[in-house]
Amino acid sequence: MTKAIFHYHLFKNAGTSLDASLKENFLAGTEWLTEEFPANPAKNRELVKQWVESNKEAKCFSSHTALLPVPQVQGLELLPVIFIRHPIDRIASAYSFEKKQGGQGFGSVLARNTTLKGYIETRISLGYDRQCKNFHTDRFAYMFGAQYGSELDRAKMAVEKLPFVGVVENFNESLGKLELWLTDEGFEDINIAPKVQNVSRDTSKSIDEKIAEIRNELGEEAYEFLVQNNQDDFELYELAKQKFSE
């Protein structure tokens, strides 16, 4: 059976750096393809499947918006690749990126017109917006239907079942593991050397230093509010790190 990589490129989870490495192995536009899809889950999955089916010669697909589960396509096995990141650090990175990027999207306009605290409080207050509230849990949970339990239960099942979940804080090590796995899966000449692309914040600092800075910037009350709204993501992140280190 033919195999292809499917990169679920979650926003601000080092996906641009990974795509840069993948594009050095596959020809962009024919072997490496990218596409975005509507938010409606049923429509999203239908269009993702059609995209893959109409590009069976491709070796690698990448999308910010494609939803799990991995599409089942006759004659093709898709190898899902997804990364997870410390939830608080990801939110601060998203704010920095949106503040700089320009454009008239909701997040960009909001980031340019408010502080990190204002950005977080506004997005959480909307209810339906998951950018600052258990973002990973929301995205991973799509892998299983509601009959499998709560959103967190389903997200945890996804972390357990997915063959590769990288950890942004262990990016180089993650790429090493990914390269070994893909080699075992038949991509014998693949070379995923670490590349740093689209970085919004200082990467020389440890995660503890970065979180301390965010806590200081937000103030204790706003920081605690953010932590409370990301409890599920913290649990999921710890599970992913545990699985990664095994």
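Further up the page is the structure itself.
Here is what the cut-offs are and how they apply
Residues numbered from 1 in each chain as written. Predicted model: local features only at pLDDT ≥ 70, side-chain atom pairs only at ≥ 80, totals over all residues. Heavy atoms only, no water. Helix = DSSP H or I, 4+ residues; strand = E, 2+ residues; numbered from the N terminus. Rg over C-alpha atoms; globule rule 2.2 N^0.38 Å. Buried < 20%, exposed > 50% of the residue type's maximum accessible area, 1.4 Å probe, protein only. Contact = heavy atoms within 4.5 Å. Areas by Shrake-Rupley, 256 points an atom, 1.4 Å probe, with all protein chains shown as cover. Salt bridge = Lys/Arg side-chain N within 4 Å of Asp/Glu carboxyl O.

1. Brief notes about the overall build of the protein
Phase 1: A count of helices and strands for the protein gives eleven helices and five strands.
Phase 2: At 18 Å, the protein has a C-alpha radius of gyration in line with the 18 Å of a compact globule built from 246 residues.
Phase 3: Expressed as lengths along the three principal axes of its C-alpha atoms, the size of the protein is roughly 55 × 40 × 40 Å.
Phase 4: For the protein, the proportion of its 246 residues judged to be buried stands at 50%.
Phase 5: Relative to all contacts within the protein whose residues are 6 or more apart in sequence, the contacts with residues 24 or more apart total 68%.
Phase 6: Total accessible area on the protein is roughly 11,800 Å²; 49% of this is exposed by carbon and sulfur atoms.

2. Some points on the pattern of salt bridges
Phase 1: Within the structure shown, the criterion is met by 15 salt bridges.
Phase 2: Glu 98 serves as the salt-bridge partner of Arg 123, at 3.0 Å between the closest nitrogen and oxygen. Of this pair, Arg 123 sits in helix H5 (residues 116-125) while Glu 98 is found in helix H3 (residues 87-101), placing the two residues 25 residues apart along the sequence.
Phase 3: The exposure class assigned to Arg 123 is buried, which follows from its relative accessible area of 8%.
Phase 4: For Glu 98, a relative accessible area of 9% corresponds to the buried category.
Phase 5: A salt bridge links Glu 213 to Lys 205; its shortest N-O distance comes to 2.8 Å.
Phase 6: Looking at Glu 213, the relative accessible area reads 40%, which means it is partly exposed.
Phase 7: Its relative accessible area of 29% is what places Lys 205 among the partly exposed residues.
Phase 8: Taken together, the shared-partner salt bridges connect Lys 3, Glu 77 and Glu 185 into one network.

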